[in-house]
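Chain residues, written in single-letter form:
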Amino acid sequence: EITKEQQALMKIITDAYNRHQIPQDVAKKLLQDQYSAEENFLLLTEMATSQVQVLVEFTKNIPGFLSLDREDQIALLKGSAVEAMFLRSAQVFSRKMPSGHTEVLEERIRKSGISEEFITPMFNFYKSIGELHMVQEEQALLTTVTILTPDRPYVKDQQAVERLQETMLDVLRKLCVLQHPQEPQYFARLLGRLTELRTLSHYHTEMLVSWRMNDHKFTPLLCEIWDV
Ligand SMILES: CC(C)c1onc(-c2c(Cl)cccc2Cl)c1COc1ccc(-c2ccc3c(C(=O)O)csc3c2)cc1
């Protein structure tokens, strides 16, 4: 049974998740009409940079996050940024954006210098997330659980992160039972997506290397968070 304080925790996280979104004027740039690989890469870089800023603001609203060691906060953000952005962009695809962002985002990702070997698993992931039909509370909690992964590189106090993550996992588990009573395995399926995210994160590192080799430039914020 979800307790009162778990209800409150879920509301704080879901409100923060909905409040911190890429500004519409940035998202609208996806709709402009240049479609060269260069232009697509530049637009996706702008989206990613904006999304990282949104992610940092969202993370500050996770109860307990700001009480963690300052360096561990940075390690968690650096370690989870790509996975959080896969989850966020997955929601764009499954939400079927009214303003047609879905199609143009897909088109730009497919034509931005990413090799086919990464495109296939990426869009399989997007499809598998879409099939889950997550409610927004589940999306917000799943992103929070991803950020609070204790075994990211350079995290010193893993216990402290583990305690926070377990709190969030407990709420997410109860929410899944409530939202999907006809599917007892739903929570396990969600956690399976986190494993898929780890694999995509490894592919992403190789994507960055190949972009670098073709002399693609990133923004200072992305260089900071991805050590490129
Ligand atoms: C540096 C760049 C080339 C790059 O490198 N790897 C990836 C990258 C890719 Cl290509 C796929 C997955 C993850 C990453 Cl980091 C990217 C692009 O990252 C993106 C991050 C985030 C969005 C994104 C989020 C939300 C929304 C919303 C909304 O919420 O309303 C409307 S439009 C939109 C757009 C798109 C692209």
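Above this text you will find the structure in question.
So, a few notes on the structure that sits alongside this text. None of the values given here were measured: they were computed from a predicted structure.

### Quick notes on the pattern of salt bridges
Counted by the stated rule, this structure contains 16 salt bridges. A salt bridge links E46 to K29; its shortest N-O distance comes to 2.4 Å. Of this pair, E46 sits in helix α3 (residues 37-60) while K29 sits in the loop between α2 (24-27) and α3; the two residues are 17 residues apart in sequence, bridging distant segments of the chain. When its relative accessible area of 29% is taken as the criterion, E46 is described as partly exposed. Given a relative accessible area of 32%, K29 falls into the partly exposed group. When salt bridges with common partners are traced through the structure, they connect D69, E71 and K156 into a single cluster.

### Considering the site of the ligand
Near the ligand there are 25 residues, and of these Q51, R95, Y126, H204 and W211 occur at the shortest range. One of the side-chain N or O atoms of H204 is found 2.7 Å from a nitrogen atom in the ligand. Taking 740 Å² as the accessible area of the ligand by itself, protein coverage stands at 100%. Elements that contribute at least two residues to the shell around the ligand include exactly α3, α4 (70-95), α9 (186-213) and α10 (220-226). For the shell around the ligand, a count of residues per class yields 18 nonpolar, five polar and two charged.

### Notes on the packing of helix α1 (residues 4-19) against helix α8 (residues 158-179)
For the pair α1 and α8, interaxial distance at closest approach is 10 Å and the crossing angle is 95°. Classed by the angle they form, the pair α1 and α8 counts as roughly perpendicular. On the side of α1, the interface is formed by Q6, L9, M10 and I13, while α8 contributes T167, M168, D170, V171, K174 and L175. Per-class residue counts for the contact of α1 with α8 are six nonpolar, two polar and two charged.

### Concerning unusual backbone geometry
Phi at H133 is positive, roughly 50°, even though this residue is not glycine. The topology assignment puts H133 in the loop between α6 (116-130) and α7 (136-147). Residue H133 is classed as exposed on the basis of its relative accessible area, which comes to 61%. Phi at D227 takes a positive value of approximately 50°, unusual for a residue other than glycine. For D227, the location among the structural elements is in the segment after α10.

### Description of α4
Along its length, α4 shows its largest kink, about 50°, at S80. A large share of α4 lies buried, amounting to 19 of its 26 residues. Structurally, the start of α4 carries an N-cap: the backbone nitrogen of E71 is 2.8 Å from a side-chain oxygen of D69.

About the criteria used
- Residues numbered from 1 in each chain as written.
- Predicted model: local features only at pLDDT ≥ 70, side-chain atom pairs only at ≥ 80, totals over all residues.
- Heavy atoms only, no water.
- Salt bridge = Lys/Arg side-chain N within 4 Å of Asp/Glu carboxyl O.
- Helix = DSSP H or I, 4+ residues; strand = E, 2+ residues; numbered from the N terminus.
- Buried < 20%, exposed > 50% of the residue type's maximum accessible area, 1.4 Å probe, protein only.
- Near = heavy atom within 4 Å.
- Polar contact = N/O pair within 3.5 Å; in protein donor to acceptor, adjacent residues only side chain to side chain.
- Areas by Shrake-Rupley, 256 points an atom, 1.4 Å probe, with all protein chains shown as cover.
- Nonpolar A, V, L, I, M, F, W, Y, C, P; charged D, E, K, R; others polar.
- Axes fitted to C-alpha atoms, helices over the stretch in contact; angles between N-to-C directions.
- Parallel < 35°, antiparallel > 145°, perpendicular 65-115°, else oblique.
- Contact = heavy atoms within 4.5 Å.
- Bend = angle between axes of the 7 residues up to and from the residue.

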